[in-house]
Amino acid sequence: MTTIGTYIATRLVQIGIKNHFVVPGDYNLVLLDKLQENPKLQEVNCSNELNCSFAAEGYARANGIAAVVVTFSVGAFSAFDGIGSAYGENLPVILISGSPNTNDEGDHHLLHHTIGTHRFDYQYEMAQRITCAAVQLKHAEDAPRLIDHAIRECLAKKKPCYIEVPTNMSSAFCAPPGPIEAVLCPLKTNPKALEAAVNASVKFIEGRLKPTLLAGPKLKCAGAEKSFLRLVEALGCAVAVLPAAKSLFPEDHPQYCGVYWGQVSTKKADAIMEWSDLTICAGCVFTDYSTTGWTSLQPASHRFEAGFDDIKFPGHYFDQIALSDFLNALADRISTNDKSLIEYNRLRPTPPIIEAASPTAPITRKEMVRQIHKLITSETTLFAETGDSWFNGIQMDLPKGAKFEIEMQWGHIGWSIPACIGYAVGAPERRIITMVGDGSFQMTAQEVSLMVRLKKPIIIFLINNFGYTIEVEIHDGPYNNIKNWNYAAFVEAFNADDGYAKGFQVHTGAELADAIKKAKSNVDGPTLIEVQINRDDCTNELISWGHFVALANGRPPHKST
Ligand SMILES: Cc1ncc(Cn2nnc(CCOP(=O)(O)OP(=O)(O)O)c2C)c(N)n1
Ligand SMILES: [Mg+2]
C-alpha cells in the first residue's frame, strides 16, 4: 500500500516533473509534506497563487508538463487564471487543490476558505469548465483510477487537469501506482484515416498553382516542429509563421518569409501569403488578435487546416490523425512546388539597417530594440508580454536556436514575470530576456522576489511609457493612466539581507548600453532595466493593429433573424 499524497508524488516524477509550484494553506499542508518526501521533487514557493499558476505555465513551456499545488478557494480561484492560460495556450498543467475534510459536508459544517455555504463542490464544478479532466479524491479506493485518469487526459490533450485532494485524504492509504505506461497514452493515429487523408490532400494541394505553408502555435504541443520542417523542404514553398508560433520554425531558413499577421506582418509575409492560392496551415489558431481583427483570415476556399488531431480542407474532414504523423506522411508523398518561394524571393525586402542613436540623445523605443536585438543569441529565450512588447518582440530577427515565448491567446498582462521564472526553473541552460510594459509589470511584480530567491539571472526590460499604451491604441480613456513607480529601487527591495537583484533606470542609449553590460555580468540574480520612453513612442504596427481590433470589437449586433 501507499498513501494518496505519495501516489501523486510518484506520478508527477514519472511524467517528468522535477519542480512543483506551491503556495501552502491549511487544506494542503499534509499533501505538501508527502510531495516533499519524494527526493526527486523540489517545491518552488511563489508569492501568490496567480503567480504560482503562471510560473507552472512557464515551466510547462520549457518542461512539457507542470504541477501547481494550492489551497481551497482562496488559492485555487487565483490559480484558475493561470489554468485558463494553460488551457488557451495548450499547456498541460496539473492543478492540485487541497479541500475540506470529507466529513464536513455530511456534518453540515460551515468552514473557512469557503463562500460560507454548506456545499463545497463549487470549485470542482468551476474547474470542470477550464480543464480537460477534473477529479475529487473523496474515496481512497478510487484515488489511483482518478489520479491516473486526470493525468492521462492532461498529457494526451495538452490541456490542464484538476485534482482535488481533501485535507484528510493525502495520508489515506491506497493501492500503489501501476506501470506509468498505462498513463502515457499519446494520441494514436488511425492508419486508414491517415491513408485516406494523405491521398485526398495530395490531390487537393497538387491541384493548386502556388501553395504556401503557415506554422501555428499548436505545432509545439503536437510535437510536430520537425515533421513540419520535413514538409517545408519537401514542398519547397514560402513559409510564414503566426505571431504565437514565432521561433517554432528557424528564421534563418531560406524558405522563411516572416510572421504573417495581416497588416502588421514582418518581412512582407502578407504579400506572399495573400498572393498564394492555398495556405497549408499546420497547428494554426485564428483569433481576432492573430488575424488583426479578422482582416487576415484567408477565405475557407484558400485554407487547408492540419490541426492537433484532425485535417480539414474544402469538401474534406478526417480525424484521429496526429499532426506529426500527417505532416510526415504528406512530406513523403507531395511533389515540389516552389512557385511561391520564387515569387517571394523577387519581393524579399532587404532588412532595414537601424543606425545606433546618438549615445546622449533621449532613449527611444527604436534604440532600445536595436540594443536588445544585439543581446539575443542561440541560447536566448525572449519573453514578450502583452502590450507594445508583443510588436517589439515579433519584429526581432532570431538567430538559430533562439526561442520566443508569448501568451497571445490568454493575454493576461503580468504573465511574463512569473512565467519566465517557471521557464527558467524548467530550462536552466537558457538565457532569459523579458520585455514587459510598466502596466503589466505592476500586475505580478512581487514575483521578482522569487527570481532573487532562486538567483535567476533574468534580464527584465521594463518599458516605461507611462501607461497602458496598447489600450490607448485600441480605445483611449483616463483608465489607461497608471501611477508611476521607481522600478529600479523596487526590485532592489527584494534583496533585503541576501539578494543580488539590480535595478537601473536609463534615459539615453549610452546609459542603456552600460546597464546591459552590468546585467550581463549579474549572474547571481535578476537585473531590471527600466527604459523610460515617451508615451506615444510605440510601434506603428500597434497603432494599426489596435485600430482593426477596435473595429472588430465595435461591430454592431447582428440583426436577430
Ligand atoms: C489581467 C488583465 N487585465 C487587463 C488587461 C487589458 N490590458 N491589456 N493590456 C493592457 C495594458 C498593458 O500596458 P503595458 O504593460 O504598460 O504595455 P504597453 O502597451 O506597452 O504600454 C491592459 C490593461 C489584460 N490584458 N489582462
Ligand atoms: Mg505601458
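Residues numbered from 1 in each chain as written. Chains lettered and ligands numbered in written order. Predicted model: local features only at pLDDT ≥ 70, side-chain atom pairs only at ≥ 80, totals over all residues. Heavy atoms only, no water.

### Details of the overall build of the protein
Rules: Strands here mean DSSP runs of E at least two residues long; helices mean DSSP runs of H or I at least four residues long; both are numbered from the N terminus. Here the radius of gyration uses the C-alpha set of atoms, whereas the globule reference equals 2.2 Å times the residue count to the power 0.38. The buried label applies to any residue whose accessible area, calculated with a 1.4 Å probe on protein chains only, is under 20% of its type's maximum; exposed applies above 50%, and partly exposed to all values in between. The contact criterion used throughout is that any non-hydrogen atoms of two residues lie within 4.5 Å. In this tally, Lys and Arg are treated as positive and Asp and Glu as negative; His is ignored, and so are the chain termini. By convention, charge coordinates are those of NZ in Lys, CZ in Arg, CG in Asp, or CD in Glu.
Helices and strands together make up the secondary structure of the protein, namely 22 helices and 21 strands. Relative to the 2.2 N^0.38 estimate, which gives 24 Å for 561 residues, the radius of gyration of the protein is 25 Å and therefore close to what a compact globule would have. Dimensions of the protein, computed from the C-alpha atoms along their principal axes, are close to 75 × 65 × 55 Å. Residue burial in the protein is summarised as follows: out of 561 residues, 58% are buried. Of the contacts made within the protein by residues no fewer than 6 positions apart, 76% connect residues no fewer than 24 positions apart. For the protein, the distance from the average position of its 50 positive side-chain charges to the average position of its 61 negative side-chain charges is 6 Å.

### Quick look at the UniProt feature "binding site: Mg(2+)" (unreviewed entry) in the protein
How we decide: UniProt positions are given in the numbering used here, feature names are shortened, and annotations may be inferred rather than shown by experiment. Any pair of N or O atoms that falls within 3.5 Å is considered a polar contact. Within protein, one atom must be able to donate a hydrogen and the other to accept it, and sequence-neighbouring residues count only if both atoms are side-chain atoms.
Taken from the UniProt record, the annotation "binding site: Mg(2+)" (unreviewed entry) applies to Asp438, Asn465 and Gly467. In three dimensions, the annotated residues from a span of 30 residues occupy one location, with a maximal C-alpha spread of 7.0 Å. One can find aspartate 438 in helix 17 (residues 438-444). Once you skip the residues sitting within four places of it in the chain, aspartate 438 turns out to touch Leu462, Ile463, Asn464, Asn465, Phe466, Gly467, Ile482 and Tyr487. A polar contact of 3.2 Å, which involves the side chain of aspartate 438, links it to the backbone nitrogen of phenylalanine 466. Here asparagine 465 lies in the loop between strand 19 (459-464) and helix 19 (469-474). Excluding residues within four positions of it along the chain, asparagine 465 makes contact with Asp438, Ile533, Asn534 and Arg535.

### Observations concerning the coordination of the magnesium ion (ligand 2)
We apply this condition: Each metal's donors are the N, O and S atoms found within 2.8 Å of it, except that Na, K and Ca use a 3.2 Å limit; water is left out, so coordination can look incomplete.
Within the protein, the atoms that donate to the magnesium ion (ligand 2) are Asp438 (OD), Asn465 (OD1) and Gly467 (O), at distances of 2.1 Å. Look at where the donors of the magnesium ion (ligand 2) fall in the sequence and you get D-x26-N-x1-G. Side by side, asparagine 465 and glycine 467 carry an identical accessibility label, which is buried.

### Describing helix 14 (residues 365-375)
Of all 11 residues that make up helix 14, eight are buried, and the element is covered over most of its length. Of the residues making up helix 14, those classed as buried are Arg365, Glu367, Met368, Val369, Arg370, Gln371, Ile372 and Leu375. On its buried face, helix 14 is in contact with strand 16 (380-384), helix 15 (388-394), strand 18 (431-437), strand 19, helix 21 (509-521) and strand 21 (527-532).

### Quick word on the sheet that holds strand 2 (residues 19-22)
The strands making up a sheet are joined through hydrogen bonds of the backbone, oriented either antiparallel or parallel. Inclusion rule: The rule for pairing is simple: two strands pair if DSSP sees at least two bridges between them. Fitting a line to C-alpha atoms yields each axis, with helices limited to the stretch in contact; the angle taken between N-to-C directions then spans 0 to 180 degrees.
Overall, parallel pairing links the six strands, which are arranged 3-2-4-5-7-6 in an open sheet. The open sheet is flanked by strand 3 (42-45) and strand 6 (133-136), the only strands paired with a single partner. Taking the axes of each pair of neighbouring strands and ignoring which way they run, one obtains an average angle of 20° across the sheet. One ladder, built from five bridges, connects strand 4 (residues 66-70) with strand 5 (residues 93-99); its direction is parallel. Within strand 5, the position partnered with alanine 66 by the bridge is valine 93. Strand contacts of helix 1 (residues 4-14): strand 4, strand 5 and strand 7 (161-166), with the helix running at about 170° to strand 5, the strand carrying the most contacts.

### Focus: the UniProt feature "domain: Thiamine pyrophosphate enzyme TPP-binding" (unreviewed entry) in the protein
Mapped onto this structure's residue numbering, the UniProt feature "domain: Thiamine pyrophosphate enzyme TPP-binding" (unreviewed entry) falls at residues 407-531. Taken as a whole, residues 407-531 contains 39% helix and 18% strand, while its terminal C-alpha atoms sit 22 Å from one another.

### Considering the environment of proline 526
Note on placement: proline 526 falls in the loop between helix 21 and strand 21. A sequence separation of 69 residues divides proline 526 from proline 457, and the C-alpha atoms of the two residues are 4.5 Å apart.

### A closer look at the nonpolar core
One recurring pattern in soluble globular proteins is that nonpolar side chains are buried together. Threshold: The term nonpolar core refers to a set of buried residues drawn from Ala, Val, Leu, Ile, Met, Phe, Trp, Tyr and Cys, joined through side-chain atoms within 4.5 Å. All the domain ranges listed were derived from an automatic or database domain assignment.
Among the nonpolar cores identified, the biggest contains 83 residues, and Phe228, Phe304, Phe326, Phe461, Ile529 and Trp545 are the most heavily contacted of them. When residues in this core are grouped by element, the largest group, eight residues, is from helix 8 (residues 191-206). Domain assignment of the residues forming this core places at least three in each of domain 2 (191-347) and domain 3 (365-547). In this structure phenylalanine 326 touches Leu194, Ala197, Val198, Ser201, Phe304, Ala306, Ile311 and Ile321, once residues within four positions along its chain are discounted. Among the nonpolar cores identified, the runner-up in size contains 51 residues, and Cys46, Leu50, Ile83 and Ala427 belong to it.

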